[in-house]
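One-letter residues, chain by chain:
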Amino acid sequence: MSTHSANNFLDIDGSVLEGGGQILRMALCFSALTRTPVRIRNIRQGRKKPGLAAQHLAGVELLRDICQGRVHKAALGSTEIEFYPGHIGHGRFVGHVQTAGSVALLLQAALPIAIFSSGPITLDLRGGTNADMAPQVDFLTEIFRPNMERFGASFDFDLVRRGYFPKGGGHCVVEVKPVQALRPINLTECGTINRFFGWSFVAGVLPVKIAHEMASGAKSILSKLSSSRVEVEVYKESMEMAPEGNCSGIILGCETTTGAVLGGSALGEARKKSSQSGEEAAQEIRSAIEAGACVDRHVQDMMIILMALADGRSRIRTEPLTMHTKTAIYVTELMTKAKFNVLEENGRSVLIECNGIGLRNVNLLNHAASY
C-alpha cells in the first residue's frame, strides 16, 4: 500500500510482492526521476535478515549523491528510510560495497537516473562482480545492454578487477551519456536463431577443465535448438584481474534474426557437476526460445522502468511474468502515470504493453541553457 503523508511524501510498503531490495531500488529511482520524496517502510521484510544490507546502503547513498538529495535513517539494518531527491547532477559518483554485494545491482539502480542527468556521469563501483542472487556484471553488459540500446540509451563499461564471494573487492567504471528522451520499443517477433555466444570462466585455484565442462554442458542443450554454431569462449582469469577468491561461471547469449538478444547464466557450485551449471544456463535460453519470447525472464523486469519512461507505446513478448517483474510493474504504476497491460498468449508467453510517460530530460535542457 502507499499513501501521501502530511509531509507530502509517498509512503511505500517494502514488504509487498517480492519484498526484497528491488522495491527499494525502484522506488528511489522513480523518486529521483519524478522529484517525489518517498518514505519506504518494511524494507526487505521478505528476507531472513530484513533491513538494509551493505549493498543496499551503498545503493541508497549512490542514488542520493547522483540526485543531490537527502536521506534520513539510512544505516545497516534500517527497515525504514526517507529520501528527498534534488536535481540530477553529473560528474563522478562512487558506490562502494564493503562486501561481495553486487555491483550489478548498484548499476541497475543508477542507470535510469544517469541517463536523465544534466551531463556525462562516471560511476565508480566496487563490490562483487559475479555473485549469487544477482546478475553477473557480464550479463548486464552482454545481454541487458543491447536490449537497453533499443530505447536509445547505452553505457560504456570498463572492468578493472573481478570480485567474488565472500570478499568482494571487484571494481568497474561505467560511463553514461544522458539522453533527451527514450524511444518506445516493439519487440514482439523473435524470428529464428542467428547465433549462440558465451563465456565460461574459472578464477583462483580452480582448474580450467571446469570451464570446459560448463561450456560442454551448455552446448549439449543449445545444439539441439538450432544448427547455428555455439561459440563459447573458455578461459581462466589472470591474477591481475582476479587477485582474490575462487569462482567459476558461465554467461550465454542467443541472437535472433530480428535482433532479439536472450541470455542465460549460472555460477559453478562445489556440490554440483560443472556440466550441470552449463546446462542450467542453457536451459534459461531454451525456455525463452520455446516460449517465442524476445526478452528473457531476467531482462524482463529491467525493461519495465525503461518502457515506463519511454515516449510512446512499447510492447514486448516475453515469458510469463516473474515475481520481480510483477513487483517492477507495481512500483512503476504506484509512482508514475505509466499503465501496463499484460496479455496472456498461449500459456507459454505474455505480451507486456505500456504507454510510457515520455519523460523529458529537463536537467540536460537546463544545463545546456546555462552555458
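Criteria and thresholds
- Residues numbered from 1 in each chain as written.
- Predicted model: local features only at pLDDT ≥ 70, side-chain atom pairs only at ≥ 80, totals over all residues.
- Heavy atoms only, no water.
- Salt bridge = Lys/Arg side-chain N within 4 Å of Asp/Glu carboxyl O.
- Helix = DSSP H or I, 4+ residues; strand = E, 2+ residues; numbered from the N terminus.
- Buried < 20%, exposed > 50% of the residue type's maximum accessible area, 1.4 Å probe, protein only.
- Core = buried A, V, L, I, M, F, W, Y, C linked by side-chain atoms within 4.5 Å.
- Contact = heavy atoms within 4.5 Å.
- Axes fitted to C-alpha atoms, helices over the stretch in contact; angles between N-to-C directions.
- Left-handed = near helix turned anticlockwise from the far one by under 90°.
- Nonpolar A, V, L, I, M, F, W, Y, C, P; charged D, E, K, R; others polar.
- Parallel < 35°, antiparallel > 145°, perpendicular 65-115°, else oblique.
- Pairing = 2+ DSSP bridges.
- Right-handed = clockwise from strand over helix to strand, strands pointing away.
- Expected span 1.5 Å × (residues − 1).

A. A look at the pattern of salt bridges. Per the counting criterion, the structure on display carries 22 salt bridges. Linking D138 and R162 is a salt bridge whose minimum nitrogen-to-oxygen distance equals 2.8 Å. Residue D138 is found in helix α4 (residues 137–149), and its partner R162 is found in the loop between β8 (156–161) and β9 (170–176); the two are separated by 24 residues along the sequence. According to the relative accessible area criterion, D138 is buried, its value standing at 13%. According to the relative accessible area criterion, R162 is buried, its value standing at 5%. The partner of E255 in a salt bridge is R195, with the nearest N and O atoms 3.7 Å apart. Here E255, found in strand β13 (residues 247–256), pairs with R195, found in strand β11 (residues 193–203); they are 60 residues apart in sequence, far enough to count as distant. Among the residues examined, E255 registers a relative accessible area of 23% and is labelled partly exposed. If you follow the salt bridges from partner to partner, you end up with E269, R271, K272 and E280 in one network.

B. Structural view of the nonpolar core. In this structure, L123 and L182 are the most contacted members of the largest nonpolar core, which totals 86 residues. Apart from residues lying up to four places away in sequence, L182 is in contact with I115, F116, F151, A153, L306, L309, A310 and D311. Formed by 23 residues, the second largest nonpolar core is a distinct cluster that contains M214, A215, L262 and A281.

C. Highlighting the packing of helix α5 (residues 209–222) against helix α6 (residues 274–290). α6 packs onto α5 with a crossing angle of 35 degrees between their chain directions and a minimal axis gap of 7 Å. Judged by the twist between their axes, the crossing of α5 over α6 is right-handed. From α5, I210, E213, M214, G217, A218, S220, I221 and L222 reach across to α6, where they touch S274, S275, S277, G278, E279, A282, Q283, I285 and R286. Per-class residue counts for the contact of α5 with α6 are seven nonpolar, seven polar and three charged.

D. Fine view of the packing of helix α1 (residues 21–34) against helix α8 (residues 323–335). Interhelical geometry of α1 versus α8 gives an angle of 30 degrees and a closest axis separation of 10 Å. Here α8 runs roughly parallel to α1, going by the angle between their axes. Once α1 is placed against α8, the crossing between them reads as right-handed. On the side of α1, the interface is formed by Q22, I23, M26, A27, F30, S31 and T34, while α8 contributes H324, T327, A328, V331, T332 and M335. Residues that form the contact of α1 with α8 fall into these classes: seven nonpolar, six polar and no charged.

E. Highlighting the sheet that holds strand β14 (residues 261–267). One open sheet accounts for four strands, arranged β12-β11-β13-β14; its pairing is mixed. Each edge of the open sheet carries a strand with a single partner, namely β12 (230–236) and β14. Taking the axes of each pair of neighbouring strands and ignoring which way they run, one obtains an average angle of 10 degrees across the sheet. In terms of strand pairing, β11 meets β12 through seven bridges, oriented parallel. Counted as the bridge partner of F196 is V230 from β12. In this fold α4 packs onto β11, β13 and β14, with an angle of close to 165 degrees to the strand it touches most, β14. Together, β11, β13 and β14 form the strand contacts of α6, whose direction differs from that of β14 by roughly 155 degrees.

F. Layout of the pairing of β11. With eight of 11 residues buried, β11 is to be regarded as a mostly interior element. Both β11 and β13 contribute to a ladder of 10 bridges, which runs antiparallel. In the sheet register, W199 faces β13, and the bridge partner there is I251. What joins β11 to β12 is α5, and the crossover it makes is right-handed.

G. α1, seen in detail. A rise of 1.5 Å per residue sets the reference length of α1, with its 14 residues, at 20 Å; its end C-alpha atoms lie 20 Å apart and thus fit the reference within 8%. Within α1, 13 of the 14 residues are buried, leaving the element largely enclosed by the surrounding structure. Once α1 ends, the next one or two residues include R35, with phi positive near 55 degrees.

H. Main features of the sheet that holds β9. One open sheet accounts for four strands, arranged β6-β7-β9-β8; its pairing is mixed. The sheet is open, and its two borders are formed by β6 (91–96) and β8, each paired with just one other strand. Across the sheet, the mean angle from the axis of one strand to that of its neighbour is 15 degrees, orientation sign disregarded. As judged from the seven bridges shared by strand β7 (residues 121–127) and β9, these two strands associate in the antiparallel manner. Within the sheet, the bridge partner assigned to I121 lies in β9 and is V176. Those strands touched by helix α2 (residues 54–66) are β6 and β7, and its axis lies near 170 degrees from that of β6.

So yeah, pure geometry; function would need other evidence.
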